[in-house]
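# A closer look at the structure
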Amino acid sequence: MKLLSHLPNILTLINLTAGTLGVIAMTNALIPTALGLMGVCLVADILDGQLARKLGVAGGIGVQLDSLADVVSFGVLPCMMIFYMGARYGGGEFSQQMVGVVAALTVASAGLRLARFNVDTRDKKYFWGLATPAGAMLIAGWLWAQFVNKDFGFSVAEMPFLIILIPVIVMVAYHLPLKLPGLKSPKKAISIAIILFAAIAIGVFTIGPIAIPLGLLLYLMLGVVNLALKIY
């Protein structure tokens, strides 16, 4: 049992290690490797929290370690992806310095989002604002779509302004007072989220990875609609 109690932190360290390797992969333009490592980070991040709660060891060092890992995996790694897209697909529309600053600001925004989450006293059954893993998925899915030429026109090459607009949307979304469903949400809210994420999965297999960022933007809109109509 004592050994099992360390498993959540081990998973968090796997998240941190995979995120760091993903950053290294991006510096060498190893896009499939970086995307795969992002997937490892997401799985480890989901499992560590669930396992910590199940074993009754949530809190303390695990909470702090989780946020530190997430800053790298869902802050720095997406930052590197944004900078790569600007350099690779941007065609010089915006300077590398400008794209670099915008990309770096996404890390600062993600760090603030994670710090706020740790001290937030609102209902933890929901996310208040876009969660950093979701923001990272949006950026990674967008890169993936462009890398495999299945972006359906939503590329930096065709719409250069997106390399500024998309990161800004993500940065702002981290701090919007939107009530978004997560894995711990009540049945009604999580059912809506499951339907949406099932649609994203089907979209990936039918139209390609562009379904990930488009679906996550719809997820954000779900929060806006709920703000007005109180669906859940």
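Every value quoted in this text rests on a predicted model; they were computed, and no experiment measured them. (Residues numbered from 1 in each chain as written. Predicted model: local features only at pLDDT ≥ 70, side-chain atom pairs only at ≥ 80, totals over all residues. Heavy atoms only, no water.)

### Quick word on the overall build of the protein chain
On a plain count of helices and strands, the protein chain comes out with nine helices and two strands. Listing each helix as α and each strand as β along the protein chain from the N terminus yields α-α-α-α-α-β-α-α-β-α-α. When its C-alpha atoms are laid out on the principal axes, the protein chain stretches across 55 × 40 × 30 Å. Across the 232 residues that make up the protein chain, the buried fraction comes to 47%. (Helix = DSSP H or I, 4+ residues; strand = E, 2+ residues; numbered from the N terminus. Buried < 20%, exposed > 50% of the residue type's maximum accessible area, 1.4 Å probe, protein only.)

### Side note on the environment of V40
Along the chain, V40 turns up in helix α3 (residues 31-55). C-alpha separation for the pair V40 and T12, spaced 28 residues apart in sequence, amounts to 11 Å.

### Section: unusual backbone geometry
Positive phi outside glycine occurs at N149, with the angle close to 60°. Structurally, N149 can be placed in the loop between α6 (132-147) and α7 (162-173). At K230, a position not held by glycine, the phi torsion is positive, near 55°. Looking at the element boundaries, K230 is found in the segment after α9 (211-229).

### Brief notes about the pattern of salt bridges
A pair can form between side chains of opposite charge whenever their charged atoms are brought close. Scanning all chains against the criterion turns up one salt bridge. Its salt-bridge partner being D120, residue R122 comes within 2.8 Å of it at the nearest N-O pair. Looking at D120, the relative accessible area reads 18%, which means it is buried. (Salt bridge = Lys/Arg side-chain N within 4 Å of Asp/Glu carboxyl O.)

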